[in-house]
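Geometric and topological summary
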Amino acid sequence: MIDLLQHLVHGVSLGAIYALIALGYTMVYGVLQLINFAHGDVFMLGAMMGWYASSRWTQEAAHPTWFGAIAVTLVSMAICGTTGFLIERFGYRPLRGSPKLNSLITAIGFSFLLEYGGQFVFGPNPRAFGALPVSPSDQFRVLGVSISYIDLICVGVSVGLMIVLNRIIFHSRIGTAMRAVSWNPPVAALMGVNIDKVISFTFVLGSVLAAVAGILFASAYRKVEPLMGLMPGLKAFVSAVLGGIGNVQGAMLGGLILGLAEQLVSSYVSSQWKDAIAFAILILILLVKPSGLLGKGTAEKV
Amino acid sequence: MRRMSANFLVCVLAVAIGCKKEQQGGGNVGAADTAIKIGEVGSMTGTEATFGTSSHNGIQLATDEVNAAGGIKGKQIQVIALDDQGKPEEAATAATRLISSERVAALLGEVASTRSLFMAPKAQAAKTPMVSPSSTNEKVTQVGDYIFRACFIDPFQGYVMAKFATDTLKLKTAAILRDVRNDYSVGLAKVFNENFTKLGGKIVDSQSYSSGDVDFKAQLTNIKAAKPQALYVPGYYTDVGLIARQAREVGLTVPMLGGDGWDSEKLYEIGGAALEGSYFSNHYSVDDPSPRIQEFVARFKKAYGGQVPDSLAAQAYDAAGMLYDAMKRAKDLTGPSIREALAQTKDYKGVTGDITMDEHRNATKPAVVLKVGKGGKYEFSGRIQPEGAKEAGPGEPPREPKKTEGNTAPNPAPGTTPTPTQAPAPGATNSAQAAANTGQRQGVPAGEHSKK
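Remarks on the overall build of chain B
In terms of helices and strands, chain B carries 15 helices and 16 strands. Residues counted as buried form 58% of the 452 residues belonging to chain B. The long-range fraction of contacts in chain B, counting pairs at least 24 apart against all pairs at least 6 apart in sequence, stands at 67%.

Focus on the pairing of strand E3 (residues 77-83) of chain B
All names here are of chain B. The element E3 is largely enclosed, with a buried count of seven among its seven residues. Burial of E3 is two-sided: the residues Ile77, Val79, Ala81 and Asp83 facing one way and the residues Gln78, Ile80 and Leu82 facing the other way are all buried. In terms of strand pairing, strand E2 (residues 36-42) meets E3 through seven bridges, oriented parallel. Looking across to E3, one finds that Val41 is bridged to Leu82. Tracing the backbone out of E2, into helix H2 (residues 49-68) and back to the parallel element E3 gives a crossover that is right-handed.

Focus: the packing of helix H2 (residues 39-56) of chain A against helix H9 (residues 230-243) of chain A
Residues and elements named next belong to chain A. Put simply, H2 and H9 touch, their axes get as near as 8 Å, and they point 130° apart. Considered as vectors, H2 and H9 are oriented oblique to each other. Our pair here, H2 against H9, has a crossing hand that is right-handed. Packed against H2, whose contacting residues are His39, Gly40, Asp41 and Phe43, the element H9 presents Leu230, Pro232, Gly233, Leu234 and Ala236 at the interface.

Quick look at the sheet that holds strand E8 (residues 202-209) of chain B
All names here are of chain B. As summarised here, the arrangement of the seven strands in space is E8-E7-E9-E10-E11-E15-E16, forming an open sheet in which the pairing is mixed. Two strands in the sheet have a free side with no partner beyond their single neighbour: E8 and strand E16 (378-384). As judged from the two bridges shared by strand E7 (residues 173-179) and strand E9 (residues 231-232), these two strands associate in the parallel manner. Counted as the bridge partner of Ile176 is Tyr232 from E9. Running over the sheet, helix H7 (residues 183-198) touches E7, E8 and E9 and is turned about 165° from E7. Strand contacts of helix H8 (residues 217-226): E7, E8 and E9, with the helix running at about 175° to E8, the strand carrying the most contacts.

Let's talk about the pairing of E16(B)
All names here are of chain B. Buried residues dominate E16, accounting for seven of its seven residues. As paired elements, strand E15 (residues 367-372) and E16 share six bridges and run antiparallel to each other. For Val369, the partnering residue across the bridge sits in E16 and is Gly382. Connecting E15 to the next strand, E16, in antiparallel fashion are five residues, including Gly375 with a positive phi near 70°.

Structural notes on the environment of Met27(A)
All names here are of chain A. Locating Met27 in the fold gives a position in helix H1 (residues 2-32). Note: C-alpha distance between Met27 and Met178 (151 residues apart in sequence) is 9.5 Å. Not counting residues up to four positions away in its chain, the partners in contact with Met27 are Thr202, Leu205 and Gly206.

Re the interface of chain A and chain B
Taken together, the 32 residues of chain A in the interface contact 36 residues of chain B. Put simply, the parts of the chain that give the side of chain A that touches chain B at least two residues each are H1, helix H4 (100-122), strand E3 (145-148) and helix H10 (248-268) of chain A. Class assignment for the residues of the side of chain A that touches chain B results in 13 nonpolar, 15 polar and four charged.

Digging into the nonpolar core
Residues Ile17(A), Ala47(A), Leu231(B) and Leu323(B) are the most contacted members of the largest nonpolar core, which totals 216 residues. Shared between two domains, this core takes at least three residues from each, and those domains are domain 1 (20-153 + 311-364) and domain 2 (155-282) of chain B. Not counting residues up to four positions away in its chain, the partners in contact with Ile17(A) are Cys154(A), Ala213(A), Leu216(A), Phe217(A) and Ala220(A).

With respect to the packing of helix H5 (residues 149-171) of chain A against helix H8 (residues 195-221) of chain A
Residue and element names in this part refer to chain A. Close contact between H5 and H8 brings their axes to 10 Å; oriented N to C, the two are set at 170°. Classified by the angle their axes make, H5 and H8 are roughly antiparallel. Together, Ile150, Ile153, Cys154, Val157 and Leu161 of H5 and Leu209, Val212, Leu216, Ser219 and Ala220 of H8 make up the contact between the two elements. Across the contact of H5 with H8, the residue classes break down as nine nonpolar, one polar and no charged.

What to know about the confidence of the model for chain B
Residues and elements named next belong to chain B. For chain B, the mean per-residue pLDDT works out to 78, and 78% of the residues sit at or above 70. Residue range residues 1-6 is modelled with pLDDT below 50. Its contacts to residues more than four positions away, or to other chains, number two contacts. Note that pLDDT drops below 50 for residues 8-32; the model gives that stretch 35 contacts with residues more than four away or on any other chain. For this predicted complex, the interface score ipTM comes out at 0.74, alongside a pTM of 0.68.

Thoughts on unusual backbone geometry
The phi angle of most residues is negative, glycine excepted, and most peptide bonds adopt the trans form. Residue and element names in this part refer to chain B. Residues Gly109 and Glu110 are joined by a peptide bond in cis, for which omega reads -5°. Within the secondary structure layout, Glu110 lies in the loop between strand E4 (106-108) and helix H4 (113-125). Phi at Lys170 is positive, roughly 55°, even though this residue is not glycine. Mapped onto the fold, Lys170 is located in the loop between helix H6 (154-168) and E7. Not every positive phi belongs to a glycine, and Arg361 is a case in point at roughly 65°. Within the secondary structure, Arg361 sits in the loop between strand E13 (353-357) and strand E14 (363-364).

What counts, and where the lines are drawn
- Residues numbered from 1 in each chain as written.
- Chains lettered and ligands numbered in written order.
- Predicted model: local features only at pLDDT ≥ 70, side-chain atom pairs only at ≥ 80, totals over all residues.
- Helix = DSSP H or I, 4+ residues; strand = E, 2+ residues; numbered from the N terminus.
- Buried ≥ 20, exposed ≤ 12 C-beta atoms within 10 Å, placed from the backbone.
- Contact = placed C-beta atoms within 7 Å.
- Pairing = 2+ DSSP bridges.
- Right-handed = clockwise from strand over helix to strand, strands pointing away.
- Axes fitted to C-alpha atoms, helices over the stretch in contact; angles between N-to-C directions.
- Parallel < 35°, antiparallel > 145°, perpendicular 65-115°, else oblique.
- Left-handed = near helix turned anticlockwise from the far one by under 90°.
- Nonpolar A, V, L, I, M, F, W, Y, C, P; charged D, E, K, R; others polar.
- Core = buried A, V, L, I, M, F, W, Y, C linked by C-beta atoms within 7 Å.
- Domains from an automatic or database assignment.
- pLDDT = per-residue confidence, 0-100.

Okay, here's the thing in structure tokens:
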């Protein structure tokens, strides 16, 4: 029983990170109907920049403090936000009028560019990451279950950012504009919405979230390398689809389901089946509910 | 503005492609047609990049030394090194390219068994001798009679650790966590399991993961519940570092045991103190006092700016040396002649031990066990000799069954084995970091190697 609870705790903390990455996928999709495959690699960039900011440019990692950790995260967010902006500005915007497939392939291209460009620039070796003043081995016990502070931070930050995101989308001018562009770009433009600005903002926001996720992930697993965005990116994408792509709460829910499924399958079935079963769950859910768990069935636009 | 962005992209792309370009080795070798070409395939980039770059340095040193001594049959050797990025398919492609367009006389590589298994059929089909420096999976040389290796095979490493665990550490129970995507890891785990059981121990749990995973808590929580006295993790350093940390996080504090895939300075960087008190089997130890090893270490440091050769570098050095030795003895430099000479290799004085080819083209030589000590120092904890003709197949000249030789106690008695704390490797560089790392593997980031 305690083992089960322990597995659940691990699953929730893993799921929270998937969810945080998934938010970026889902938001960009919501506005542009574009699956930004480079998102997982912006996530990597976030972790990598966090490493540079904490271990190379400053000595933060040697004596981590909360203030330093927040500063490192902000630096990483700024760099990723800029990268997200540049990718959209120079990669996707020129292709906006062309078929969706072109943008999709550009996205895959950017993903590879960041992965292998990253290997070239940063070197392929994994680095140890430790910018937060707590390590995964700092834990407390509740009912025999050990919970690490980083797990709590992951879940807390993910939920917090989801709430902030929800407020931005539904209770701010730019959010209203985002929804308008998502609904019908030409009409939104006629109504005076600056489409370019809105889309740029969406990318920047998504990339900033990816940076936070990168830092959290690297803090929880202590490893940063240029290909680290590959699997988490893919799984976050799956989480986004699972929850209903384009839907913020759906991304959160999808991430949690995937994280829990992975942990429980590796604990009680076999870790060799972990990904197979996690993805089988995805297929099942999509067979029953093609728009995802929280997706609206009527989201199809004409 | 758009034009500028396009130019920028082209630049970035060019840079990205440039980094994957082949690395021309061979130092200052003259015109290619007068040189003997040797192909090298290695993971210069990717998650196991230190494997490829270390091996490359070892091969390069052996090549430079042979070239300086006049080359082979009056010709210089040119090493053409291709990067496979740690991907099996790329290794096969690289091997094909080296054989068909570069027409190399022989191939050196790969480190990882998985990738060697992709290369070997290409070499075998083209009758090009291939020597793997450190692929320890049994299957590699079973591909055909042109495939050799300069290291021992998995059964031996699994046996070494099982023997060490039962005889020296006096363990009764152990659990296994193996990487199912890696033939090497599966091979070691299987043989460890067999031998540990045969020697009177009990495997209480057996779990698996896939290389590249970052979360191992589910498996480790299960293992903890089975209460083993040790955890055998025959994986590669990146994963092992993370596993060690997470094992401690879930409260599993028993020592970890492993194989030569642990051997990288990154191991301790990632795993940190969680690894202290763990043991792994390896091919050689820089702390081994034998003059042959100490001279090699000195030459290597001189060539690579004070960098201490890890075991991959030492093995690659031996693999290249053994190949060049065979080429000198071969009647000509065709594939069949080199193959013939390689197969006859007997008591080749390598830095990792005397190497004799058995009839299955596997090297027979001893293994060492190292302990990860405080601060990531590797302590020489014993040498285990091959046991009889075990599992090597029928007909092999029987070697006398040997007990663990030298000192197998975790705390070496004075006089038999030095501890690195007492005897830092000679010639250590003065830099503070090098001093701190003495006894631990050192390396420069792979990106810097690849520009060499």
